[in-house]
Each structure stands twice: as C-alpha cells, then as structure tokens.
Amino acid sequence: MKFSFAHNNINVKDLDKSLAFYKEALLLEESRRLEDPSGAFILVYLKSPYTAHELELTWLRDWDRPYNLGDNEFHLAFYVDDYEAALKKHKEMGVVAYENADMGIYFIADPDGYWTEIIPAGKY
C-alpha cells in the first residue's frame, strides 16, 4: 500500500475574502471548484505551483457564525525560500499572529483565524 497526501480542508465563512487572502499571502491559485447544484456548499481547491498537495476551502451557505476553532493547535505549514521577504510582506498585510524569533519561524492568521506556519526552506 502507498499513501500520499491529497489535501487538507478548512471551512471558511467568506469564500471571496479567504481566496484573496491565500492568493496574496501564500500565492496559492484555484485549481478546481465543485459547486453543489442546490447552492448549499462550494468546495475550492488551492494549489501552489511547487507541490501537489492542495488546500480545500469549504463554504457552507447556511453557516451564519464564525467557526469555533477551539483549543486545537491545528495549523498548516509552508516552507519559503526568502523568509525575510515573506515576513516583511506578512507584517505589511497585518496578518502575523505569532513570531518565534528564537526558532526562526512565524505564523500568519487567515480571515477565519486559522494559522499557517512559515518556515525558512531547509529548516525543520
């Protein structure tokens, strides 16, 4: 048996806002979209040109409140080839949620509060 990652999923309240965030912050592009015929949900898959792994955003029409992320420390993680430029960009965007200078990493938060760890390429 061989297993390989396909995608990770997160639910988002405002699909357009989330798509804009992931495009600007992480340069992810929409690779495909599935829309329920009744309009109850939309699934949008985002991809980096540097990996096959995808991020699936799920929008639910009838969800009327922010998602409760609880105490789960779930997060995505991305390597970046120019860490300092990425940190500068994310600070300018106002999305840096936590910076750990001792470890040389930081986290950004998307519009729904999900965190993404940014790691210098080749570290960890």
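Residues numbered from 1 in each chain as written. Predicted model: local features only at pLDDT ≥ 70, side-chain atom pairs only at ≥ 80, totals over all residues. Heavy atoms only, no water.

As annotated in an unreviewed UniProt entry, the chain is Lactoylglutathione lyase from Veillonella infantium.

Novice: An account of helix 2 (residues 83-93) is requested, with residue identities and associated values reported.
Specialist: What helix 2 keeps buried is the set Tyr 83, Ala 86, Leu 87 and His 90. One side of helix 2 carries all its buried residues, which in axial view fall inside an arc of 100°. In helix 2, the exposed positions angled more than 90 degrees off the buried face are occupied by Glu 84, Lys 88 and Glu 92. Looking at the packing, one finds that the buried side of helix 2 touches helix 1 (15-26), strand 5 (75-80), strand 6 (96-100), strand 7 (105-109) and strand 8 (115-120). (Buried < 20%, exposed > 50% of the residue type's maximum accessible area, 1.4 Å probe, protein only. Helix = DSSP H or I, 4+ residues; strand = E, 2+ residues; numbered from the N terminus. Arc of directions from axis to C-beta. Contact = heavy atoms within 4.5 Å.)

Novice: Go over the nonpolar core with me, naming the residues and quoting the values.
Specialist: Core analysis: the largest hydrophobic core is formed by 25 residues, its most contacted members being Tyr 22, Leu 46, Leu 55, Leu 57 and Ile 108. Only strand 1 (7-12), helix 1, strand 3 (41-47), strand 4 (54-60), strand 5, helix 2 and strand 7 provide two or more residues apiece to this core. With 6 residues, the top contributor of residues to this core is helix 1. Residue contacts for Leu 55: discarding those within four places in its chain leaves Asn 8, Ile 10, Tyr 22, Leu 28, Val 44, Tyr 45, Leu 46 and Leu 76. (Core = buried A, V, L, I, M, F, W, Y, C linked by side-chain atoms within 4.5 Å.)

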